[in-house]
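Commentary on secondary and tertiary structure
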Amino acid sequence: MENVIEVEGLRKHFRTAMRQRRVEAVRSVSFQVARGEIFGFLGPNGAGKTTTIKTMVGLIRPTAGRIRIQGGEPGKLSVMARIGFLPEQPYFYDYLKPQELLDTFGRVFGLPAALRRKRIDALLAQVGLDHARGRTLRKFSKGMLQRVGIAQALLNDPDLVILDEPLSGLDPIGRKEVIDLIASLKARGKTVFFSSHILADIERLCDRVVIIDRGVVRAEGTLGDLLGAGRSDKEILVEGAGTGDELAALPGVRRVDQIGAGVHRVVAAGDRSDELLRYVLDRGARVTGVTEQRMSLEALFLDRAFEGPQAREAE
């Protein structure tokens, strides 16, 4: 498949203003995004997501590495005209009304007046802001401003949409509406690059994901491949096998919960579960259930991206 984004060996260093100390925001990032997919860019706060996105859209220059976006160089007018971008913290002039703001962006894109009006009306309805078109933006909530930002990202009918934390500040209804909107973009053949630290959003929407932490890619692939290749645990219910502390001390046991008198729920690594079963049965205890637990996205994220409480540099 054709790649619309290619990032290879990306590095970005900053120097702090006072002490001129070098900060490595992105140390080694490579990935590709294929046309027509929803691509999830997942990582904790401070992982380097926003820095990577800013280099992709030409807002900052990389220290090293190569980026190709829509077949061209980041920041070039011919390339950016086919991209829609929502930054993590969009800022708009407070005293404009939503249709006035979108009309300004439409003029920047060179859209004819009749086409601007048609798209603005359709987008305000699509993001649930048609009722608020008479208010100034200073009266909008954070969630409403986020909807305006999504509308401006779609105004030029882009081939590629880059969204940095697009569901931030939305209530549950708003989140569902935006999720449905993102899914509809794929149905129309658009490519969506979707950055988030919210696991449920990524799992619900994305075809492929990259997990980034401390400026380094920790995992990449389809969710099926990543979760299928991840750790598989087994949950075993046992009666009369000793104390919880005795069970917890066995090799491969990850967690023990007492759920009744002499009854324990034991979660063990899949490749060590046979040893646990032999131990339990040799003691004359009873096994009442064995359930396989496939790795969740949350478990994969914690396994690949979390290495203990260390200071994280801001993006």
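Described below are features of the structure shown in this document. (Residues numbered from 1 in each chain as written. Predicted model: local features only at pLDDT ≥ 70, side-chain atom pairs only at ≥ 80, totals over all residues. Heavy atoms only, no water.)

1. Overview of unusual backbone geometry
Counted only if it meets this: Helix and strand definitions here come from DSSP, where helices need a minimum of 4 consecutive H or I residues and strands a minimum of 2 consecutive E residues; each element is numbered from the N-terminal end. Only protein chains enter the calculation, and the probe is 1.4 Å; a residue is then buried if its accessible area is under 20% of its type maximum, exposed if over 50%, and partly exposed in between.
Its identity is not glycine, yet glutamine 70 carries a phi of approximately 55°, on the positive side. You can see glutamine 70 is positioned in the loop between β4 (64–69) and α2 (77–80). A relative accessible area of 8% means that glutamine 70 is categorised as buried. You will see that glutamate 165, though not glycine, has its phi angle at about 55°, which is positive. Assignment of secondary structure puts glutamate 165 in the loop between β6 (160–164) and α6 (172–187). Classification of glutamate 165 by relative accessible area gives buried; the value is 6%.

2. Topic: the packing of aromatic side chains
Counted only if it meets this: Here is the rule: rings of Phe, Tyr and Trp (six-membered ring for Trp) pair when centre to centre is within 6.5 Å. Planes less than 30 degrees apart are stacked, more than 60 are edge-to-face, and the remainder are tilted.
Summed over the entire model, instances satisfying the criterion amount to six aromatic pairs. Measuring from centroid to centroid gives 5.5 Å for phenylalanine 31 and phenylalanine 39, while their planes differ by 20°, and the two rings are stacked. For the pair shown, phenylalanine 31 and phenylalanine 39 are each scored as buried. Ring geometry for phenylalanine 41 and phenylalanine 193: centres 5.2 Å apart, planes at 45°, overall tilted. Taken together, the positions of phenylalanine 41 in strand β3 (residues 38–42) and phenylalanine 193 in strand β7 (residues 191–196) put the pair 152 residues apart, joining distant regions of the chain.

3. Notes on the side chain of histidine 264
The line we're drawing: Polar contacts, as counted here, are pairs of nitrogen or oxygen atoms within 3.5 Å of one another; within protein the pair requires one atom able to donate a hydrogen and one able to accept it, and residues that are adjacent in sequence qualify only if both atoms are side-chain atoms.
In this structure, histidine 264 sits in strand β12 (residues 263–269). At 3.4 Å, the side chain of histidine 264 forms a polar contact with the backbone nitrogen of glycine 244.

4. Considering helix α4 (residues 113–126)
Condition: Expected helix span is computed as 1.5 Å times (number of residues minus one). Residue contacts are defined here by distance: any two heavy atoms, one from each residue, within 4.5 Å place the two residues in contact.
With 14 residues, α4 ought to run about 20 Å at 1.5 Å a step, and its terminal C-alpha atoms sit 20 Å apart, in line with that. For α4, the secondary structure elements touched by its buried residues are α3 (98–108) and α5 (142–154). Among the residues trailing α4, glycine 128 stands out with phi positive, at a value near 75°.

5. Brief notes about the pattern of salt bridges
Where we set the bar: Salt-bridge detection follows one rule: a side-chain nitrogen of Lys or Arg within 4 Å of a carboxyl oxygen of Asp or Glu.
In this structure the tally under the stated criterion is 23 salt bridges. The partner of aspartate 157 in a salt bridge is arginine 188, with the nearest N and O atoms 3.1 Å apart. A residue pair is termed long-range when its members are at least 10 positions apart, and aspartate 157 in the loop between α5 and β6 and arginine 188 in the loop between α6 and β7 qualify at 31 residues. Judged by its relative accessible area of 33%, aspartate 157 is partly exposed. Classification of arginine 188 by relative accessible area gives partly exposed; the value is 49%. Salt-bridge contacts for aspartate 207 lead to lysine 186; the nearest nitrogen and oxygen are separated by 2.7 Å. Here the residue aspartate 207 occupies a position in the loop between α7 (199–205) and β8 (208–213), and lysine 186 occupies one in helix α6, the gap between them amounting to 21 residues. In this structure aspartate 207 comes out as partly exposed when scored by relative accessible area, which is 25%. Members of the salt-bridge network, linked through shared partners, are Glu235, Arg255, Asp257 and Arg265.

6. Remarks on the packing of α5 against α6
Put simply, the test is: The convention used is that axes are lines fitted to C-alpha atoms, helices contributing only their stretch in contact, and that angles between N-to-C directions extend from 0 to 180 degrees. Our angle categories are set so that under 35 degrees counts as roughly parallel, over 145 as roughly antiparallel, 65 to 115 as roughly perpendicular, and the remainder as oblique. Polarity classes work like this: nonpolar for Ala, Val, Leu, Ile, Met, Phe, Trp, Tyr, Cys and Pro, charged for Asp, Glu, Lys and Arg, and polar for all others, with Gly in that last group.
Two elements in contact, α5 and α6, have axes separated by 12 Å at closest approach and are oriented at 10°. Considering their axes alone, α5 and α6 lie roughly parallel with respect to each other. In contact with Arg147, Ile150 and Leu154 of α5, α6 contributes Gly174, Glu177, Val178, Leu181 and Leu185. Partitioning the contact of α5 with α6 into residue classes produces five nonpolar, one polar and two charged.

7. Looking at the nonpolar core
The condition is simple: Think of a nonpolar core as a cluster: buried Ala, Val, Leu, Ile, Met, Phe, Trp, Tyr and Cys residues, connected wherever their side-chain atoms sit within 4.5 Å.
Within the largest apolar cluster, 42 residues are counted, with the highest numbers of intra-cluster contacts made by Leu163, Ile182 and Phe194. Broken down by element, the residue count for this core peaks at six residues, all from α5. Setting aside chain neighbours within four positions, we find phenylalanine 194 in contact with Phe39, Gly40, Phe41, Leu163, Pro166, Leu167, Ile182, Asp201, Ile202, Leu205 and Cys206. If you look at the next biggest cluster of nonpolar residues, it comprises 25 residues, including Phe39, Ala47, Val57 and Leu160.

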